[in-house]
Amino acid sequence: MRTLDKLREALIEGKVEEVKRYTQQALDEGIPAKTILDQGLVAGMNVVGIRFREGEYFLPEVLLCAKAMHAGLDLLKPLLAGESAQNAGTIVLGTVKGDLHDIGKRIVKAMLEGAGYEVIDLGVDVDTEKFIESVKKHKPLVLGMSALLTTTMRYMKTVIDALQEEGIRDKVKVIVGGAPVNEEFAKSIGADGYAPNAGEAVDLVKHLTAV
Amino acid sequence: MELKKLSEAYLKAATFRNPLWIPGKVAFLPATWKTYGEELEKIVLKYKKLFPEYQPGDYKRLAKPPHPRYMPGKFTDAWGCVWSNDYEGLAGVVTESPLKDWKKLESFRPPDPEKVDDYGDPVNWDQRRRQVKRIHELGGIAFGYFIHGFFFMRLFYLRGFEELMLDMATGEEKVWILIKMVREYNLKLAKLWLKTGIDVIWFGDDLGTQESLMVSPKMFREYIKPFYKEIFGLFKDAGVHVYFHSDGRIVDILEDLIECGVTIVNPQIGPNTVEELEKFKGRICMDVDLDRQLFSTGTPKQIREHIHCVIEALKQDEGGLMAYAECSPEVPLENIEAVCATMSELCGPTAMKDFVQLQTATFLKSNGGD
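The sections below set out a description of the structure shown in this document. (Residues numbered from 1 in each chain as written. Chains lettered and ligands numbered in written order. Predicted model: local features only at pLDDT ≥ 70, side-chain atom pairs only at ≥ 80, totals over all residues.)

Our next topic: the interface of chain A and chain B. With 23 residues of chain A at the interface, the matching set in chain B holds 29 residues. At the level of elements, helix H4 (59-82), helix H5 (103-114) and helix H7 (150-153) of chain A are the ones that each hand at least two residues to the side of chain A that touches chain B. (Contact = placed C-beta atoms within 7 Å. Helix = DSSP H or I, 4+ residues; strand = E, 2+ residues; numbered from the N terminus.)

Quick look at the structure:
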């Protein structure tokens, strides 16, 4: 089995130390960091995403695989910069103001990173100003907002309206998620998309950012 | 309405003995009372049938945060878990976990349930026994409760969510020490409740997300189910009805919950679906948690149709159905009215108070306890 195949399999099984070892082995074999990332780590996380969507994996398995992915990524990062390789793009995520729930967003973050995106996580209780500032600063492809409460999900519209007022709404795709949110709500507030789970969030981002 | 009649309807529904009505509860969070005040009171008084104990002016009391964890800011519970809150009248979330570092496990001590509850408030068990006795004298049934998050959630409150998930995924041995500690605390608490003579015990532990369980059914059966079976069994063996609430999708383990001794389950309709819950009709009493997300975003017509659809699908003459409708502060008043009107049409009152009241024990006082 090729090293990259072994790396991918180790990641799918959530074997942190093996992922580290095979990443290093692939580098030692002279495989470019970008190839290791795409054909090893990202490819592995794609399978993890599929297994999560299909109900084979649950949160513990996904988080373990994400941890394994980071173990490999840490070895690649300095080299990726040297190779001037591009990541898949930047995504800004945050749980909206008034809401301190974080778990769902962190799973989405892990899956997006697994798909090769750079994720700027603004944390919880994020107000309009912080979202706007981050969009201006990082120029993300996508802004993702999360809410767990029906009480706080309406703030997503406040942020979208503010993006409009700032004249930057057309510069970024906006996606929303969280337990109380659905497709209909997303449309009603002018979001570009909604995903019911982390796996589909990755597909949605890919779809929205496809050139 | 007499407490005796309320209690009779509740027990008959729970045990499939042809109740006269479907016990229904429309619950308002303190934040909802704070938002609408008198306007909400007008609706409540209009549908008095569902709110037999409500007295004019009660909204002022109900709007107040019943506990520090419903106040903005930080609050540390009896286990050392720090809760943060941004919104007066809603419960906060745990943001700091005392056992993120396993090194602290050895010296960690859980609270003593004989003296304080999970939130650190003093508990007087003699008083609780007297309250239960008084409720029985009035012909009522008495409810005991464990906190929302008594086991699985307490594990991740203590350890941190990601940390616990990784521990479970990797088979970390220390998780079993943590489980043993939380188990022992809860068993001690169970024995104290059993001595009071309660009729129904309320458990809440969120196990699901919108689409699935948080952990696989296999992992549930390995880490969680054995303890559920043990503690629910203690109550079941003593003739106490076991009420179990969980947010999210739990229909995949409903069979397990029945096996563990749950007699009344409180599943959310959205993640579990009417179709899937219908398969359990007649096997377990369902206090079905109606779609609160629809209450927030739907139209009054959609809400009426939803409640009709769920109750028509799940009801049986023998019983086995209760209905719960929770309205958060952003639910428009016309939607609240639609919820109350439809619930009033299809259900009668329930003997069980809502979650906030249960956990602040006001219901005992209002029923003649000391």
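Now for helix H3 (residues 38-46) of chain B. Residue and element names in this part refer to chain B. Considered for burial, the residues of H3 that qualify are Leu40, Glu41, Ile43 and Val44. Around the axis of H3, the buried residues are gathered within 160° of arc, so they sit on the same side. Away from its buried face, by an angle of more than 90 degrees, H3 presents the exposed residues Glu38, Glu39 and Leu45. Its buried side turned inward, H3 meets strand S1 (23-28), helix H2 (30-36), helix H4 (58-62) and helix H15 (333-346). (Buried ≥ 20, exposed ≤ 12 C-beta atoms within 10 Å, placed from the backbone. Arc of directions from axis to C-beta.)

Since there are 3.6 residues in each turn of an α-helix, residues three or four apart along the chain are aligned in direction. Residues and elements named next belong to chain B. Here helix H8 (residues 174-196) contains 23 residues, and its C-alpha end-to-end distance of 34 Å stays within 8% of the 33 Å for a straight helix at 1.5 Å per residue. Within H8 the residues assigned to the buried category are Leu178, Tyr185, Asn186, Leu189, Ala190 and Trp193. Those residues of H8 hidden inside the fold are in contact with strand S5 (143-148), helix H6 (152-159), strand S6 (200-204) and helix H9 (217-237). Gly197 sits one or two residues past H8 and shows a positive phi near 85°. (Expected span 1.5 Å × (residues − 1).)

Membership of the largest hydrophobic core comes to 188 residues, with the highest contact counts inside it found for Met156 of chain A together with Ala323 of chain B. Among the elements that take part in this core, H4 of chain A stands out by supplying 11 residues, more than any other. Ignoring sequence-local partners within four residues, the contact set of Ala323 of chain B consists of Ile22, Gly24, Val288, Leu290, Ile311, Met343 and Cys347 of chain B. (Core = buried A, V, L, I, M, F, W, Y, C linked by C-beta atoms within 7 Å.)

A word on the sheet that holds strand S9 (residues 285-289) of chain B. Residues and elements named next belong to chain B. On the basis of which strands lie adjacent, the open sheet formed by 8 strands has the order S5-S6-S7-S8-S9-S10-S1-S11 and parallel pairing. Either end of the sheet is taken by a strand with one partner, and the two such strands are S5 and strand S11 (348-349). Across 5 bridges, the pairing between S6 and strand S7 (residues 241-246) is parallel. Counterpart to Val200 in the pairing with S7 is His241. (Pairing = 2+ DSSP bridges.)

Here we take up the sheet that holds strand S4 (residues 173-177) of chain A. Residues and elements named next belong to chain A. The 5 strands are arranged S2-S1-S3-S4-S5 in an open sheet whose pairing can be described as parallel. Each edge of the open sheet carries a strand with a single partner, namely strand S2 (118-121) and strand S5 (193-194). Relative to S5, S4 runs parallel, the two being bridged by 2 bridges. The residue of S5 that forms the bridge with Val176 is Tyr194. Of the strands in this sheet, strand S1 (90-95), S2, strand S3 (142-146) and S4 touch H5, which is tilted by about 170° from S1. On top of the sheet, helix H10 (residues 198-209) reaches S1, S3, S4 and S5; it is set at about 165° to S4, its chief contact. (Axes fitted to C-alpha atoms, helices over the stretch in contact; angles between N-to-C directions.)

A few words on the pairing of S5 of chain B. All names here are of chain B. By the criterion of burial, S5 is predominantly enclosed, with 5 of the 6 residues buried. Pairing of S5 with S6 involves 4 bridges; the strand directions are parallel. Within S6, the residue paired with Tyr145 across the bridge is Trp202.

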